[in-house]
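Residue-level structure breakdown
The primary structure of each chain is shown beneath.
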Amino acid sequence: AGINTASGYSIGYSVTPGPIKIAAGYTKIDAKQAAAAVDPKSKTLGVTYTASEFAIGAQRTKNTDGRKVAGTINFDDTVDTVSASFAASKEITLGAAYSKMQRDVVGSTTGPDTKVIQLVAAYNLGPVVASIAYEDAKDKNQASNEVSTSGLDSKITKLKVKANF
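Residues numbered from 1 in each chain as written. Predicted model: local features only at pLDDT ≥ 70, side-chain atom pairs only at ≥ 80, totals over all residues. Heavy atoms only, no water.

1. Digging into the pattern of salt bridges
Applied cut-off: For salt bridges, the criterion is a side-chain nitrogen of Lys or Arg within 4 Å of an Asp or Glu carboxyl oxygen.
As enumerated under the stated definition, the model contains six salt bridges in all. In the salt-bridge network here, residues are joined through shared partners; they are Lys28, Asp30 and Asp39.

2. Topic: the environment of Ala6
Under the convention used in this document: A run of H or I in DSSP counts as a helix once it spans at least four residues, and a run of E counts as a strand once it spans at least two, with each numbered from the N terminus. Buried, partly exposed and exposed residues are distinguished by accessible area as a fraction of the type maximum, computed with a 1.4 Å probe on protein chains only: under 20%, between the cut-offs, and over 50%, respectively. Any two residues having at least one pair of non-hydrogen atoms within 4.5 Å are treated as being in contact.
Position of Ala6 among the secondary structure elements: in strand 1 (residues 6–15). Looking at Ala6, the relative accessible area reads 35%, which means it is partly exposed. Spatially, the C-alpha atom of Ala6 lies 5.2 Å from that of Lys32, the residues being 26 residues apart in sequence. Look past the residues within four positions of Ala6 in its chain and what remains in contact with it is Ile29, Asp30, Ala31 and Lys32.

3. Comments concerning the layout of surface pockets
Where we set the bar: Only protein atoms enter the 1 Å grid used here, on which a cavity is any set of points holding a 1.4 Å probe that cannot leave and a pocket is any open set flanked by protein within 12 Å on both sides along at least five of seven lines; residues with an atom within 4 Å of a point are listed as lining. Grid points are joined across faces, edges and corners, and a volume is the space filled by probe spheres set on the points. Residues are sorted three ways: Asp, Glu, Lys and Arg are charged, Ala, Val, Leu, Ile, Met, Phe, Trp, Tyr, Cys and Pro are nonpolar, and all the rest, Gly among them, are polar.
Of the volumes computed, that of the largest pocket is approximately 190 Å³. In terms of lining residues, the largest pocket is bounded by Ala97, Tyr98, Ser99, Met101, Thr114, Val116, Gln118, Glu135, Ala137, Lys140 and Ser154. The leading source of residues in the lining of the largest pocket is strand 6 (residues 92–105), at four residues. Residues that form the lining of the largest pocket fall into these classes: five nonpolar, four polar and two charged.

4. A few points about unusual backbone geometry
Even without being glycine, Ser52 reaches a positive phi, approximately 55 degrees. Within the element layout of this structure, Ser52 appears in the loop between strand 3 (41–51) and strand 4 (54–64).

5. Things to note about the sheet that holds strand 4
Strand pairing in a sheet takes place through backbone hydrogen bonds and is either antiparallel or parallel in direction. Short version of the rule: The pairing criterion is simple: DSSP has to find at least two bridges between the two strands. To get an axis, a line is fitted to the C-alpha atoms, and for a helix only the part in contact is used. The angle between two axes follows their N-to-C directions and goes from 0 to 180 degrees.
Ordered in space as 1-2-3-4-5-6-7-8-9, the nine strands form an open sheet in which the pairing is antiparallel. Every interior strand has two partners, whereas the edge strands, strand 1 and strand 9 (154–163), have only one. Strand after strand, the sheet turns through a mean of 15 degrees between neighbouring axes, direction not considered. Pairing geometry for strand 5 (residues 75–87) and strand 6, over 13 bridges, is antiparallel. Pairing of Phe75 across the sheet is with Val105, part of strand 6.

6. Focus on the packing of aromatic side chains
Selection rule: Here a pair means two rings of Phe, Tyr or Trp (six-membered ring of Trp) with centres within 6.5 Å. Their orientation is stacked below 30 degrees between planes, edge-to-face above 60, and tilted elsewhere.
Tallying each qualifying case throughout the model produces two aromatic pairs. Here Tyr9 and Tyr26 contribute two aromatic rings whose centre-to-centre distance is 6.3 Å and whose plane-to-plane angle is 45 degrees, an arrangement assigned as tilted. Taken together, the positions of Tyr9 in strand 1 and Tyr26 in strand 2 (residues 20–31) put the pair 17 residues apart, joining distant regions of the chain. Tyr9 gets classed as partly exposed once you look at its relative accessible area, which sits at 41%.

7. Points about the side chain of Arg103
Note on placement: Arg103 falls in strand 6. Residue classification places Arg103 among the buried residues on the basis of a relative accessible area of 7%.

8. Here we look at a nonpolar patch on the surface
Put simply, the rule reads: A patch consists of residues whose relative accessible area exceeds 30% and which take part in no salt bridge; residues with like charges are grouped when within 9 Å of each other, and nonpolar side chains (Val, Leu, Ile, Met, Phe, Trp, Tyr) when within 5 Å. Note on areas: Shrake-Rupley with a 1.4 Å probe; residue coverage comes only from the protein chains shown.
Where nonpolar side chains cluster on the molecular surface, the patch consists of Tyr13, Val15, Ile20, Ile22, Leu45, Val47, Tyr49 and Ile56 and spans about 720 Å² of accessible area. Secondary-structure elements contributing two or more residues to the nonpolar patch are strand 1, strand 2 and strand 3. At three residues, the largest contribution of residues to the nonpolar patch is made by strand 3. Within the secondary structure, Tyr49 sits in strand 3. On the basis of relative accessible area, Tyr49 is assigned to the partly exposed category, the value being 38%.

In structure tokens, the structure reads:
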């Protein structure tokens, strides 16, 4: 049997005046793993502009008290993302995104910002979508609750097939 170590809620709101969509969200987790555990929170604000086969967007997410439990290090993340997509045809969509994350760890010198570039191509076959994504991440975090490290990089290529029935 599992132990419920957290519960939470999330709320969001979006409005679409013409080709622009503005969205905001808030998430709060009630941590239960220890009496002194801190409750993580996340706030997101994003805007998207869509015109014909093009779309561009920007988003900022601020996470506070991430994965904090009694006796461990507290950290906050700020993630900024810009993205663009192009519907090359009815079946083919191309996309690109750039994200930058700043992590602040209490009692530590802040490392360099983590930077991620992602390129995606998708082919829509109706109920089945096939995609390929390439991701290049620079100066990643050493661990889930530590600062970023210069030179800790990764490159990932992912193939995905999704079926909707």
